[in-house]
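Chain and residue survey
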Amino acid sequence: ERLRTIVRPLSRMKSPLKKLLAGAGAGLAATAPMTAFMQAAWQFLPTREKQPLPPRQITRKVVTELGATWLHGEKQQVGLTLLSHFSFGALAGSAYGMIEDRVPLASSIKGLLAGLAVWTGSYLGWLPALGILPPATTHPWRRNLLMIIAHIVWGLSLGVLARQLNAKRQ
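Residues numbered from 1 in each chain as written. Predicted model: local features only at pLDDT ≥ 70, side-chain atom pairs only at ≥ 80, totals over all residues. Heavy atoms only, no water.

1. Focus: the pattern of salt bridges
All told, the structure shown has 4 salt bridges when counted by the stated rule. Residue Arg142 is joined to Glu49 by a salt bridge in which the shortest nitrogen-to-oxygen separation is 2.9 Å. In this pair, Arg142 is assigned in helix H6 (residues 141–169) and Glu49 in the loop between helix H2 (16–42) and helix H3 (54–66), connecting sequence segments 93 residues apart. Taking the shortest distance from any N to any O, the salt bridge between Glu100 and Lys110 comes out at 3.1 Å. Of the two residues, Glu100 sits in the loop between helix H4 (74–99) and helix H5 (107–129) while Lys110 sits in helix H5, which places them 10 residues apart along the sequence. Its relative accessible area of 8% is what places Glu100 among the buried residues. (Salt bridge = Lys/Arg side-chain N within 4 Å of Asp/Glu carboxyl O. Helix = DSSP H or I, 4+ residues; strand = E, 2+ residues; numbered from the N terminus. Buried < 20%, exposed > 50% of the residue type's maximum accessible area, 1.4 Å probe, protein only.)

As structure tokens, this is what we get:
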């Protein structure tokens, strides 16, 4: 009887792998509405601010630094940009999946905060630190607003999708 009282709650716990995979799936899927928003909102930027969006800039910089000349064609860059952007969305989602059940907030709020954390950590943190992009403080405010809202879209989608995936697993 004692063993049952210990084992039963343990059997209901989600394994780390399940959490990681659910988060990765939610992050991957959440990148689709984020990307659609970015493309649509980019159209409304003033002409002088219509440089390629950060996922494309990041991909170009990395490709150039690696000297991968075979990736300089337009189709290759678009494909690699999408692959890297969706992969990063899945990676960030997997991190979210590992901690989301420890945060006692509504899924939408947790997701929104995750999206803002990814934007802050990326555009004010690791991207400038690695010399991939200048810090967001040097970007035009409209482009920053576009990217912040895009990360909010990702985060809200992530929170909802992760909740749905977790509900199906229980």
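And the narrative resumes.
2. So, H3
For H3, built from 13 residues, the straight-helix expectation of 18 Å at 1.5 Å per residue is met to within 8% by its first-to-last C-alpha distance of 18 Å. All buried positions along H3 are accounted for by Pro54, Pro55, Arg56, Ile58, Thr59 and Val63. Where H3 terminates, the next one or two residues include Gly67, which has phi positive at roughly 70 degrees. (Expected span 1.5 Å × (residues − 1).)

3. A short note on a nonpolar patch on the surface
Side chains of Phe88, Leu91, Trp126 and Leu130 sit close together on the surface and give an oily, nonpolar patch of about 400 Å² of accessible area. For Phe88, the location among the structural elements is in helix H4. Phe88 sits in the partly exposed class, given a relative accessible area of 32%. (Patch = residues over 30% accessible without salt bridge, like charges linked within 9 Å, V, L, I, M, F, W, Y side chains within 5 Å. Areas by Shrake-Rupley, 256 points an atom, 1.4 Å probe, with all protein chains shown as cover.)

4. Topic: the packing of aromatic side chains
As enumerated under the stated definition, the model contains 2 aromatic pairs in all. With a centroid separation of 5.8 Å and 40 degrees between ring planes, the pair formed by Phe88 and Trp126 is classed as tilted. Of this pair, Phe88 sits in helix H4 while Trp126 is found in helix H5, placing the two residues 38 residues apart along the sequence. Relative to Tyr123, the ring of Trp119 has its centre 5.9 Å away and its plane inclined at 25 degrees; by these criteria the two rings are stacked. (Phe/Tyr/Trp six-rings, centres within 6.5 Å; stacked < 30°, edge-to-face > 60°.)

5. A closer look at the confidence of the model for the chain
Put simply, the chain has an average pLDDT of 88, and 87% of its residues get 70 or more. Averaged pLDDT values over the elements of the chain bottom out at 50 in helix H1 (residues 2–12) and peak at 96 in H5. Low pLDDT (under 50) marks residues 7–11, which in the prediction has 1 contact with non-local residues, meaning those over four places away or in another chain. (pLDDT = per-residue confidence, 0-100. Contact = heavy atoms within 4.5 Å.)

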